Amino acid sequence: MSRHFLHLDDFDRATLDHLLQRSLSFKDNPRPSPPPLAGRTLAMLFTQHSTRTRVAFFSAMAQLGGSSIFLAPEHSQLDRGEPIEDTACVLSRFVDAIVLRTSSHEALLRFADAATVPVINGLSAAGHPCQLMADMLTFREHRGPITGCTVAWIGDVSNVCRSYMEAARLWDFELRIATPEELWNPAQATDPRIIWTKDPRQAATGAHLVVTDVWVSMGLEQDALRRRRLLAPYQVTPELMALTHEQEALFMHCLPAHRGEEVSAAVIDGKRSVVWDEAENRLHTQKALLEHLLLA
Ligand code: CP
Ligand code: NVA
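**Focus on the site of ligand 2**
Every residue close to ligand 2 is listed here: Leu123, Ser158, Asn159, Asp213, Val214, Ser217, Met218 and Leu255. In this structure, Asn159 approaches ligand 2 through a side-chain N or O atom, which is 2.8 Å from a nitrogen atom. Take Ser217: an N or O atom from its side chain is 2.7 Å from a nitrogen atom of ligand 2. Surface burial for ligand 2 is 93%, taken as the share of its 270 Å² of free accessible area covered by protein chains. For ligand 2, the cavity whose grid points lie within 2 Å of the majority of its atoms is the largest pocket.

Okay, here's the thing in structure tokens:
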């Protein structure tokens, strides 16, 4: 079992299910006594913007009795050329765990190799495993086990979508990815549980959960015009939601969202949307993850 959490499948399904169960305990009892992480420190090193990940980890540590420190690249020596491996070695001497958000997955792997404390992927080009923990908990709370269900991913094959591919294999659900051919590389996933289509209607038909993400992820801004043009037919609309299982699929989005682009306001602000529960669950699931990595 990995000492880091860089990919969702670094942990097996039993461990992930246990963490989801622990997340529910933290939801019931947000500030356990005695505080389990008293005296522990988390470093958060982010080279990209964040609202949810950053604040959820900060609050999680505070509510469990620990503390955290946030490092933006312009406030550290990283921007002045200190090797990422050296930063990992030094931070490991000061803190008990590190969350790294960086566009380069390769940099994340190098950082984790050099670190001697647990490293958490706070989002990289290859995935967003912390987001998936929250999404899986949210589905379970609203609908029960996801195994055997159908999830429709509509739009860009983003970092979050890549973690959904891992989740489909772990929890054994069907993942239908609707995306334009220009943004689609079938070699990305050949698992029979993952179905690729150009047609968002085909993906949504009978689905139990519809998920999307921004059309222009951080770092891809130079490709924004092309992406908006290619993805224009992939907005999640009430018409698309009406094709889902008994017309009542849940809608999720990792946020931040762009109403009128990847999702219409009627859907994200509508009654099937669980985006606020999903965002809140970042806090509870990150507590379970921190407890597991720091105390196990
Ligand atoms: N969903 C998510 O990770 O949001 P932030 O970019 O605000 O952290
Ligand atoms: N795919 C988005 C996720 C943000 C949480 C991005 O990388 O910008």
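The rest of the description comes next.
**Considerations on the sheet that holds strand β7 (residues 194-197)**
Ordered by their spatial adjacency, five strands build an open sheet running β7-β6-β5-β8-β9, and the pairing between neighbours is parallel. Unpaired on one side and paired on the other, β7 and β9 (250-253) mark the two borders of the sheet. Adjacent strand axes in the sheet meet at a mean angle of 20 degrees when their direction is disregarded. Bridge count for strand β8 (residues 209-212) against β9 is four bridges, and the pairing is parallel. Its bridge partner lying in β9, Val211 is registered against Met252. Contacts from helix α5 (residues 129-143) reach β8 and β9, with the element oriented near 160 degrees to β9.

**Things to note about the layout of surface pockets**
Here the largest pocket defines a volume of roughly 660 Å³. Lining of the largest pocket is provided by 37 residues; of these, Leu123, Asn159, Val214, Ser217 and Met218 occupy positions nearest its centre. Mapped by element, the contributors of at least two residues to the lining of the largest pocket are α2 (52-63), α6 (159-171) and α8 (224-231). For the lining of the largest pocket, the leading source of residues is α6, giving three residues. Tallied by class, the residues present in the lining of the largest pocket amount to 13 nonpolar, 14 polar and ten charged. In this structure, the second largest pocket encloses a volume near 180 Å³. In this structure, the second largest pocket is lined by Pro238, Met241, Ala242, Thr244, Gln247, Ala249, Ala266, Val267, Gly270, Lys271 and Arg272. The set of elements that each furnish at least two residues to the lining of the second largest pocket consists of α9 (238-241) and α10 (265-268). Per-class residue counts for the lining of the second largest pocket are six nonpolar, three polar and two charged.

What counts and what doesn't
- Residues numbered from 1 in each chain as written.
- Chains lettered and ligands numbered in written order.
- Predicted model: local features only at pLDDT ≥ 70, side-chain atom pairs only at ≥ 80, totals over all residues.
- Heavy atoms only, no water.
- Near = heavy atom within 4 Å.
- Polar contact = N/O pair within 3.5 Å; in protein donor to acceptor, adjacent residues only side chain to side chain.
- Areas by Shrake-Rupley, 256 points an atom, 1.4 Å probe, with all protein chains shown as cover.
- 1 Å grid on protein atoms, 1.4 Å probe; cavity = no way out; pocket = protein on both sides within 12 Å on 5 of 7 lines; lining within 4 Å.
- Sits in = over half its atoms within 2 Å of the grid points.
- Pairing = 2+ DSSP bridges.
- Helix = DSSP H or I, 4+ residues; strand = E, 2+ residues; numbered from the N terminus.
- Axes fitted to C-alpha atoms, helices over the stretch in contact; angles between N-to-C directions.
- Contact = heavy atoms within 4.5 Å.
- Points joined across faces, edges and corners; volume = space filled by probe spheres on them.
- Nonpolar A, V, L, I, M, F, W, Y, C, P; charged D, E, K, R; others polar.

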